[in-house]
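Residues per chain, in single letters:
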Amino acid sequence: MLACGIAAYQSLILMFVSYACGILLVRCLRIGGVRRIPLKLLAMAVFRVMLLVSAAILVYEVINKLSQHFIAHDSGYIAKAFFNYDKTLSEPLRVLRSISREQLAIYGGVTNRNMANIEMYGVIICLATLAILRTNFFKNSINFVLWLGVLFSPFALHLVTGGEPLPVRTLIPIAYVSWLACIILLSCQRAVTLLASGILVGLLQIKIIGVTSQYIASATIVQSHDRLLAADIYSRIGELSADFDPNAPLIMDFYGRKIFSTTYYANAWQGTMQGSFFSWDHDNISRITQYMKVMGYHNIVLPSDVERKALSIVFEQMPVWPAAGSVKKVGDIYLIRLSKDPDTTHAI
């Protein structure tokens, strides 16, 4: 089941590790429990989790390699963009410092990661840590280690990328970290502490609702922009030929990308919800054309890379969208220049 989870989304394995550490921590804190867990039993539980995670990764790798072998495919941009073990092995201290900075940015709720200040999140994390260490450190050292496991597990993939920041969408265990920190604070026995915790958690939820609303507003605007732009491009193409046939194959090539972002609402750092299909992934023409097919323009066909490179000279003489002449037909291929700067294919 874990191997299937990794296949669905690699970060789900980190979610499992975070869950495991959190469940063991909750048991040790006796939230909902009646007795302490013996150290030997706890060590065996941790060992089983590590063994299960290792076995799941191994099963996933075997199935993945066999599948890619039979369909003659590879991991594509995932392997090229994310895997960078060399940096971790050659510069471990620099990588760890980079990961620590990323953790402080995410857990501190800083603007450059959330596009809005959520400092209350950092306060909740710090108070939950203090609650775990509320008695002497020796008795609670195991609890603290498990809590560190909860906090650090969402960033384990950063070791694979050489410490490079990953898109926020890969940090899905962060939601569990937030929930668990709030639960720990709301499990206090003293009435005054419980009241204060309730107020803090309530303020955090209000802030999260506010930021989420901004994300939704931003995503709605970007999605509307993409729909209108796709329709406008198709309409401009149809105007070039009096005998345009909407059912005939439509060979289309794009130059550059159309960058669009809202300024009035928060945009999640590296968030796909607020990413335009006409600018996401820098210059991936496949994303643009596949999106247009989803919108109903099903007859779109892509030219080969050789044909696209040969058209670079023609593109450079065209104005940039939405100027007149930014859509042009050369032979059987329709050209659309979205920006002044070329994409990777046309830059070569």
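Please refer to the structure higher up on the page.
If you're wondering where the values come from, they're calculated on a predicted model, not measured in any experiment. (Residues numbered from 1 in each chain as written. Predicted model: local features only at pLDDT ≥ 70, side-chain atom pairs only at ≥ 80, totals over all residues. Heavy atoms only, no water.)

Draft legend 1. A look at the pairing of strand β1 (residues 250-255). By the criterion of burial, β1 is predominantly enclosed, with five of the six residues buried. As defined by bridge partners, β1 adjoins strand β2 (residues 300-301) across two bridges and the pair is classed as parallel. Within the sheet, the bridge partner assigned to Leu250 lies in β2 and is Ile300. Bridge analysis of β1 against strand β4 (residues 333-337) gives five bridges, and the strand direction is parallel. Bridge pairing in β4 links Ile251 to Ile333. (Buried < 20%, exposed > 50% of the residue type's maximum accessible area, 1.4 Å probe, protein only. Helix = DSSP H or I, 4+ residues; strand = E, 2+ residues; numbered from the N terminus. Pairing = 2+ DSSP bridges.)

Draft legend 2. Broad picture of the pairing of β4. Most of β4 sits inside the fold, with five of its five residues counted as buried. Side-chain alternation along β4 places Ile333, Leu335 and Arg337 on one buried face and Tyr334 and Ile336 on a second face that is also buried. As defined by bridge partners, strand β3 (residues 327-330) adjoins β4 across four bridges and the pair is classed as antiparallel. From the neighbouring strand, Lys328 faces β4, where its bridge partner is Leu335.

Draft legend 3. Highlighting the packing of aromatic side chains. On inspection of all chains with the given rule, the structure shows eleven aromatic pairs. Ring plane angle 65° and centroid distance 6.5 Å describe the contact between Phe254 and Phe278, whose orientation is recorded as edge-to-face. Of this pair, Phe254 sits in strand β1 while Phe278 sits in the loop between β1 and α12 (285-294), placing them 24 residues apart in sequence. According to the relative accessible area criterion, Phe254 is buried, its value standing at 2%. Phe278 sits in the buried class, given a relative accessible area of 1%. Feature note: the residues Tyr234, Phe244, Tyr297 and Tyr334 constitute an aromatic cluster, connected by ring pairs. (Phe/Tyr/Trp six-rings, centres within 6.5 Å; stacked < 30°, edge-to-face > 60°.)

Draft legend 4. Representation of the sheet that holds β4 in the model. As summarised here, the arrangement of the four strands in space is β2-β1-β4-β3, forming an open sheet in which the pairing is mixed. Looking along the sheet, the strands with just one partner apiece sit at the ends: β2 and β3. Against the sheet, helix α11 (residues 191-239) touches β1, β3 and β4, its axis set at about 120° to β1. Contacts from α12 reach β1 and β2 within the one sheet, and its direction differs from that of β1 by about 135°. (Contact = heavy atoms within 4.5 Å. Axes fitted to C-alpha atoms, helices over the stretch in contact; angles between N-to-C directions.)

Draft legend 5. Spatial organisation of the packing of helix α8 (residues 119-132) against helix α10 (residues 173-185). The geometry of α8 relative to α10 is characterised by a closest axis approach of 9 Å and an angle of 55° between their N-to-C directions. Judged by the inter-axis angle, α8 sits oblique to α10. For the element pair α8 and α10, the recorded crossing hand is left-handed. Mapping the contact onto sequence places Tyr121, Ile124, Ile125, Leu127, Ala128, Ala131 and Ile132 in α8 and Ile174, Val177, Ser178, Ala181, Cys182, Ile184 and Leu185 in α10. Classifying every residue of the contact of α8 with α10 by side-chain character gives 13 nonpolar, one polar and no charged. (Parallel < 35°, antiparallel > 145°, perpendicular 65-115°, else oblique. Left-handed = near helix turned anticlockwise from the far one by under 90°. Nonpolar A, V, L, I, M, F, W, Y, C, P; charged D, E, K, R; others polar.)

Draft legend 6. Spatial organisation of the pattern of salt bridges. Scanning the entire structure with this criterion turns up two salt bridges. Among the salt bridges present, the one from Arg308 reaches Asp253, with a minimum N-O distance of 2.6 Å. Residue Arg308 is located in helix α13 (residues 305-310), and its partner Asp253 is located in strand β1; the two are separated by 55 residues in the primary sequence. The class for Arg308 is buried, based on a relative accessible area of 4%. Classification of Asp253 as buried rests on a relative accessible area of 0%. When the shortest N-O distance is used, the salt bridge between Arg308 and Asp343 registers 3.7 Å. (Salt bridge = Lys/Arg side-chain N within 4 Å of Asp/Glu carboxyl O.)

Draft legend 7. Up close: the nonpolar core. Formed by 37 residues in total, the largest nonpolar core has its most connected members in Leu25, Tyr107, Tyr121, Trp147 and Ile184. The element contributing the most residues to this core is α10, with eight residues. Apart from the residues lying within four places of it in its own chain, the contact partners of Trp147 are Leu25, Ile125, Ala128, Thr129, Ile132, Leu180, Ala181 and Ile184. Formed by 20 residues, the second largest nonpolar core is a distinct cluster that contains Phe278, Ile285, Tyr297 and Tyr334. (Core = buried A, V, L, I, M, F, W, Y, C linked by side-chain atoms within 4.5 Å.)

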